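# Remarks on the overall topology
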There are 2 protein chains.
Amino acid sequence: MTTPILVEIAILLAECPVSKLISLKDLEFLLYRVFNAEQLTRLPHFADHDRTTFDGILTTAERIAETYFAPHNSKADEHEPQFDGKTVTTIPEVKEAWQHFAKAGLLNARHAYADGGMQLPSLIHMAANAFFMAANPSTAGYPFLTSAAANVIHAFGSDEQKATFLPPMFDGRFAGTMALTEPDVGSSLGDLTTRAVPAADGTYRIKGQKMYISGGDQDITENIVHLVLARIEGAEKGVKGISLFIVPKFITNPDGTLAQRNDVQLAGLLHKMGYRGTTSTVLSFGEQDNCVGYLIGDAGRGLMYMFKMMNEARIGVGLGAAMIGYRGYLESLDYARNRPQGRSPAEKDPHSKPLNIVEHADVKRMLLAQKSYVEGSLALCLLAARLVDEQEAGTDAQQREDSGMLLDLITPVVKSFPSFYGPRANDLAIQVLGGAGYTREYPVEQCYRDNRLNPIHEGTHGIQSLDLLGRKLWQHNGKGLKLLMARIHATLASASQKPELAALVGEYQAQLKTVQETTLLLGGALQKGQVTEALANSALYLDMMGKTIIGWLWLEMADKALDAFANSPVQEEQQFLAGKCQAAQYFIRWELPEVQHQARLLQSFDRTCLDMQADWF
Amino acid sequence: MTTPILVEIAILLAECPVSKLISLKDLEFLLYRVFNAEQLTRLPHFADHDRTTFDGILTTAERIAETYFAPHNSKADEHEPQFDGKTVTTIPEVKEAWQHFAKAGLLNARHAYADGGMQLPSLIHMAANAFFMAANPSTAGYPFLTSAAANVIHAFGSDEQKATFLPPMFDGRFAGTMALTEPDVGSSLGDLTTRAVPAADGTYRIKGQKMYISGGDQDITENIVHLVLARIEGAEKGVKGISLFIVPKFITNPDGTLAQRNDVQLAGLLHKMGYRGTTSTVLSFGEQDNCVGYLIGDAGRGLMYMFKMMNEARIGVGLGAAMIGYRGYLESLDYARNRPQGRSPAEKDPHSKPLNIVEHADVKRMLLAQKSYVEGSLALCLLAARLVDEQEAGTDAQQREDSGMLLDLITPVVKSFPSFYGPRANDLAIQVLGGAGYTREYPVEQCYRDNRLNPIHEGTHGIQSLDLLGRKLWQHNGKGLKLLMARIHATLASASQKPELAALVGEYQAQLKTVQETTLLLGGALQKGQVTEALANSALYLDMMGKTIIGWLWLEMADKALDAFANSPVQEEQQFLAGKCQAAQYFIRWELPEVQHQARLLQSFDRTCLDMQADWF
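In this text, all values refer to a predicted model and were calculated from it rather than measured experimentally.

## Thoughts on the relation of the copies chain A and chain B
- For the pair chain A and chain B, the superposition axis carries a translation of 0.0 Å, the fit reaches an RMSD of 0.0 Å, and the rotation angle comes to 180 degrees. Expressed as an axis order, the relation between the two copies is that of a two-fold axis. Proximity to the rotation axis, assessed at the C-alpha, singles out Glu-594 of chain A in chain A; its C-alpha lies 3.7 Å from the axis.
- An overlap of 93% is found between the interface residues of chain A and their copies at the interface of chain B, pointing to a shared contact surface.

## Some words on the nonpolar core
- Among the nonpolar cores identified, the biggest contains 316 residues, and Leu-31, Phe-132 and Leu-378 of chain A together with Leu-31, Phe-132 and Leu-378 of chain B are the most heavily contacted of them.
- Discounting residues that sit within four places of it in the chain, Leu-378 of chain B has contacts with Ile-22, Asp-26, Leu-27, Leu-30, Ala-130, Leu-319, Ala-322, Met-323 and Tyr-326 of chain B.

## Things to note about the packing of helix 16 (residues 502–527) of chain A against helix 19 (residues 571–591) of chain A
Residues and elements named next belong to chain A.
- Between helix 16 and helix 19, the least distance of the axes is 10 Å, while the angle of their chain directions is 35 degrees. Crossing handedness for the pair helix 16 and helix 19: left-handed. Between helix 16 and helix 19, the contacting residues are Leu-504, Glu-507 and Tyr-508 on the first element and Ala-584, Gln-585, Ile-588 and Arg-589 on the second.
- For the contact of helix 16 with helix 19, the per-class residue count stands at four nonpolar, one polar and two charged.

## Observations concerning the interface of chain A and chain B
- If you look at the interface, chain A gives 102 residues, while chain B gives 100 residues.
- Taking both partners together, chain A and chain B bury about 8,800 Å²; carbon and sulfur atoms supply 59% of that area.
- It is Tyr-438, Trp-590 and Phe-617 of chain A in chain A that bury the most area against chain B; as a group they hold 11% of the surface buried on that side.
- The interface formed by chain A and chain B includes eight salt bridges.
- A salt bridge links Arg-440 of chain B to Glu-80 of chain A; its shortest N-O distance comes to 2.5 Å.
- On the surface where chain A and chain B come into contact, there are 55 residue pairs in polar contact (both at pLDDT 80 or more).
- Looking at the side of chain A that touches chain B, the element that brings in the most residues is helix 19 of chain A, giving ten residues.
- Here the residues of the side of chain A that touches chain B are counted per class, giving 45 nonpolar, 27 polar and 30 charged.

## A few points about the UniProt feature "domain: Acyl-CoA oxidase/dehydrogenase middle" (unreviewed entry) in chain A
- Here the UniProt feature "domain: Acyl-CoA oxidase/dehydrogenase middle" (unreviewed entry) sits at residues 178–285 of chain A.
- With 0% helix and 50% strand, the stretch residues 178–285 of chain A has end C-alpha atoms that lie 14 Å from each other.

## What to know about the domain arrangement of chain A
Residue and element names in this part refer to chain A.
- For chain A, the assigned domains are domain 1 (18–156), domain 2 (174–301) and domain 3 (489–617).
- Centre-to-centre separation of domain 1 and domain 3, based on C-alpha positions: 31 Å.
- The partner domain 3 presents eleven residues to the seven residues of domain 1 that form the contact.
- Across the domain 1 to domain 3 interface the summed buried area is about 800 Å²; carbon plus sulfur atoms make up 68%.
- Remark: the boundary between domain 1 and domain 3 carries two salt bridges.
- Residue Glu-572 pairs with Lys-25 through a salt bridge whose shortest N-O separation is 3.2 Å.

## Looking at the pairing of strand 5 (residues 204–214) of chain A
All names here are of chain A.
- With four bridges connecting them, strand 4 (residues 195–198) and strand 5 associate as antiparallel partners. If you follow Arg-195 over to strand 5, its bridge partner there is Lys-207.
- Linking two consecutive strands that pair antiparallel, namely strand 4 and strand 5, is a turn of five residues; a positive phi of about 90 degrees is found at Gly-202 within it.
- In this structure, strand 5 lies alongside strand 12 (residues 292–295), joined through two bridges in antiparallel fashion. Residue pairing for strand 12: Tyr-204 is matched across the bridge by Gly-293.
- Here strand 5 runs beside strand 11 (residues 280–285); their pairing, made up of five bridges, is antiparallel. Among the inter-strand pairings, Gly-208 is bridged to a residue of strand 11, identified as Phe-285.

## Examining the UniProt feature "domain: Acetyl-CoA dehydrogenase-like C-terminal" (unreviewed entry) in chain A
- When the UniProt feature table is mapped onto this chain, "domain: Acetyl-CoA dehydrogenase-like C-terminal" (unreviewed entry) is found at residues 484–613 of chain A.
- Taken end to end, residues 484–613 of chain A is 82% helix and 0% strand, and its first and last C-alpha atoms sit 38 Å apart.

## Overview of helix 7 (residues 122–135) of chain B
- The terminal C-alpha atoms of helix 7 of chain B, which comprises 14 residues, lie 20 Å apart, in line with the 20 Å expected from a rise of 1.5 Å per residue.
- Most of helix 7 of chain B is tucked away, with 14 of its 14 residues classed as buried.

## A word on the side chain of Asn-454 of chain A
All names here are of chain A.
- In this structure, Asn-454 sits in the loop between helix 13 (444–451) and helix 14 (461–470).
- Looking at Asn-454, its side chain comes within polar contact range of the side chain of Asn-451, at 2.8 Å.
- Among the polar contacts listed, one links the side chain of Asn-454 to the side chain of His-457, at a separation of 2.8 Å.
- Filtering out sequence-adjacent residues up to four positions away, Asn-454 remains in contact with Tyr-275, Val-317, Gly-320, Ala-321, Ile-324, Lys-415 and Ser-419.

Basis of the calculations
- All chains use their own residue numbering, which begins from 1 and follows the written sequence.
- To read the labels, note that chains go from A and ligands from 1, taken in the order they are written.
- In keeping with the model being predicted, local features are shown solely for residues with a pLDDT of at least 70 and side-chain atom pairs are shown and tallied solely at 80 or more, while totals for entire chains, interfaces and linings include all residues.
- Note that water and hydrogens are dropped before the side-chain values are worked out from all heavy atoms of the structure.
- Only residues with pLDDT of at least 70 in both copies count here: their C-alpha atoms drive the least-squares fit that superposes the copies.
- Residues count as neighbours in contact if any of their non-hydrogen atoms are within 4.5 Å of one another.
- Working definition of a nonpolar core: buried Ala, Val, Leu, Ile, Met, Phe, Trp, Tyr and Cys residues. They are joined through side-chain atoms within 4.5 Å.
- Burial classes follow relative accessibility: with a 1.4 Å probe on protein chains only, a residue under 20% of its type's maximum area counts as buried, one over 50% as exposed, and anything between as partly exposed.
- Working convention: axes come from line fits to C-alpha atoms, limited for helices to the stretch in contact. Angles between N-to-C directions cover 0 to 180 degrees.
- Each helix is a run of DSSP H or I of at least 4 residues and each strand a run of E of at least 2, with the numbering of both proceeding from the N terminus.
- By the definition used in this description, the sense in which the near helix is turned from the far one sets the handedness, with an anticlockwise turn below a right angle giving left-handed and a clockwise turn giving right-handed.
- Throughout this entry, Asp, Glu, Lys and Arg are counted as charged residues, while Ala, Val, Leu, Ile, Met, Phe, Trp, Tyr, Cys and Pro are counted as nonpolar. The remaining residues, Gly among them, count as polar.
- Summed over both partners, buried area is the accessible surface (1.4 Å probe) that two parts give up on being assembled.
- Each salt bridge in this description consists of a side-chain nitrogen of Lys or Arg and a carboxyl oxygen of Asp or Glu lying within 4 Å of one another.
- Throughout this description, a polar contact denotes any pair of N or O atoms lying within 3.5 Å of each other; where both atoms belong to protein, one of them has to be capable of donating a hydrogen while the other can accept it, and for residues adjacent in sequence the pair is counted only when both atoms sit in side chains.
- UniProt positions are given in the numbering used here, feature names are shortened, and annotations may be inferred rather than shown by experiment.
- What fixes the domain bounds is an automatic or database domain assignment.
- Two strands make a pair as long as DSSP finds a minimum of two bridges between them.
- Multiplying one less than the number of residues by 1.5 Å gives the expected span of a helix.

Below is the structure:
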């Protein structure tokens, strides 16, 4: 006789020969040494927590991610959702994973005890989410979008809206989406044309089409709550005329039970290169002129509300990109440690034993680059989460505001650095595996495909660069930037006390100086109204600032690693800490100096791209 | 039920005209202005040709590529070859395309009239091949491998082998493959274990497994001619013990008719991320101890012979990478010119008309980068082809030798620069299309997947970098490098006469100086036996040399564009030439200066990667 649980384990073992999803040593180091997670428990809001509850959550997340998410990551890619013109079918494992996620209370882990939540710090929540992103980013998409949508309703919805929609979203009966993009309107949201007509009963009738809506239809939940941006009839043009609406797939009674189907139709699925497990949809609202929507908050403030969700989603994209990169890194490291091939350049004896490829300098380079990108990116996302906690639960009003401003400043970088360098890491992971890496028999090619979405959705790379250089830097008289510099200087002060870091501190300071000069120059130009010239090369600036922040975080990690080194008698621990220092050296010596060249182009307001004419291509 | 939007998408896709595969203006410029194709007709071997015959070949290639290759590029990706345990099935369009390719005489276009060929210059042949690589790299893989295999037999086979195998390979009845890699042996060919046992009749019995063999089985041709590297029983270890064998799928009678099946079995297909239309196979030779192989040339010289094919294949990989990049560039350019979205940063009026995205500075950057990578890469491949012509058909013995040495030197760059920057171009093409680019409804995601193979096969990036820095640079007392520098200085001399190029020439010279210093320093270290240290960062050097050569080619193109400008009264022609100059400026100003940072790491023999320990990751 075979008991169900044994069968389950057998299937698990057969389907899941995955490397660890995250290095637990690294996660622990980041949470407890770099970001002082335990310090958060001194805040009243988190007072019931301690390291034990944090670790409990992380262990639970890891277990669910490994048991219910990782095993079908490849299967969901191979068997993408199907639409027969009426309903969407996803493989059953997705629903099962969703249910386990919901049952563990992870959909509202950060909400107050009063709302059935755990009052979990964002820092720990982010770390827990990291397991799911590493295990199966497509299936993880459903709960993460739902959490983000619920947070908008929680923050801006009426009491009735909250009472109706939040409980079923928190317990996993309803999922959520964000519906912004239209076939003709992507980055330029001010041009959107979906209309909302007021009805006699205080609700609205929505009409229009939305495109690239992730999770816009599925067979996982009873109901789907779309948050839809639309323009109330007669509203002004541009972003100020946009309002936000709740549009459920099924009309929902106040007690959460379902009434009739709303007039939202799935027009079709889009077929993506990767991230295939998450449906990407074209939705038609109001084809029969009977699509009911409920206005959230005030008319005309829709984009502002949506940006609450959007900013959270942007950080989530950063985390996803970091963790897909991380997954690829661990896979390629595992391969490199076990694949014998070739000899050192100095070895001429063909009878000598081949080395495992991890011993080749060029493979070390590819692994170090990956390590520096993905561990740096994870650190960045955890920093963002730490700032959310300080902003939301801090006891000092000024500090709360400061943390919010710093978070605002770095959000474009949290979104874009991992989205750019995560795929680069996956590219290197394929290269480490060579021919094997290019086949679907190994997991790294899926990582590469999945991760390519991240520089696109929730605001492309170009949009992030304009947001950073055109807006975020100068908000509140540049307060965010000052706060960032203060934190960087604190790290430099600590690190410069350590002789082992003297050279790195010097190199970092030299680059930082250039970045500061460049920033001032660009700011001056913007003040003088030279908007076109100052923003023309904004992508360079985004990368420059990303490298500056990640370089800082690596210095911080090296500093903390050296602190820990003295108290770590275990060899394995010492090796881990030595690796942190080496990766810091790699990033600061190999990657960061590229800002010099970027600075030259930016400081000279280089017009090469700006002057290119469409007819010259 | 078919909803309107789905119908719309279907119509869109059906009507979607394939962009031109290559800019004919660009190809003409490269062939006739930069590489002086007509000059080749002065050589006796090409004396029967003139521009009319060249253009005739190119037009034929374009027509066949557009008619028989391009239309099933996406279909072959979606319906990859199937193996039922007995036979492989490919979609019928592949065979049809193959037959048209063969019927046009393109399989032996470069061979002598006496061999039924056209005595076509390699330069024109490369340009013709470019159409197929742009149209459908997977299907193009079959004829290109066959040509390369035929060339090895032509160069090193016995008269009998040539008489038996070449006619059916040239007329398309037989295909060819190269079988080097084994499950445990990829980059390190000296370790291969496939054995060859002499038989009484002078043939050999082959036994072993080969992996990642492209075109190793298919249902397109009557027979397949495998060129197999194996070790004759008792041969020494390492590369000197390797011999090369012809192993046909069907034993072939001297008159080209087929006898019995040889003991070569398809063990399985590998499933790739892209390039799916070309089978990638695991082959078992001699499972029944009855696999007949015919030794080519002398025992122990197999690798040397194979390198004839390999070098040709490496240039072919460069061309494929360039053209997949080129295809993506044209697709994204077409999209950018027709997609309205957003306004200039200085425009605040939401009522103003959106711009086509080609007008945004950051989109221009992404297009310029692509243009500089792919047109530069195509120029590089055509340079290689020009050198082949000079080497093979030149009338001056010294010049023939010189051209051969220069070709040898740059081959690692011809293979690797397009393979690295082609995928980067495809990455940018996706980014220009945004969400659309990430879906399989548009062609750029396939380009991105297809092109990712190129930095792996026919010698990985790392292998190319060791080949360049560890060997090619120093062959014949550095003669190849001196020849390269002489050509670069000739371009600089001409360009420096033009005031419009003065600034670019200055910038290029400054970078070149650094590259030369770095090369000398590394050479000195190698001479002193510091092999490990000098080669540790070879990947940086490969990229540095790639940028140097491509920067030179861009300067050459700008120089020739300015020459042409005066005689081009047509506006469209002037715009094209202005674009060439702007792309040269982009590459030399934006990309080339990265060599400075690379030089600093190389010149300091930076040990960051070398010192990293496997246990520290």
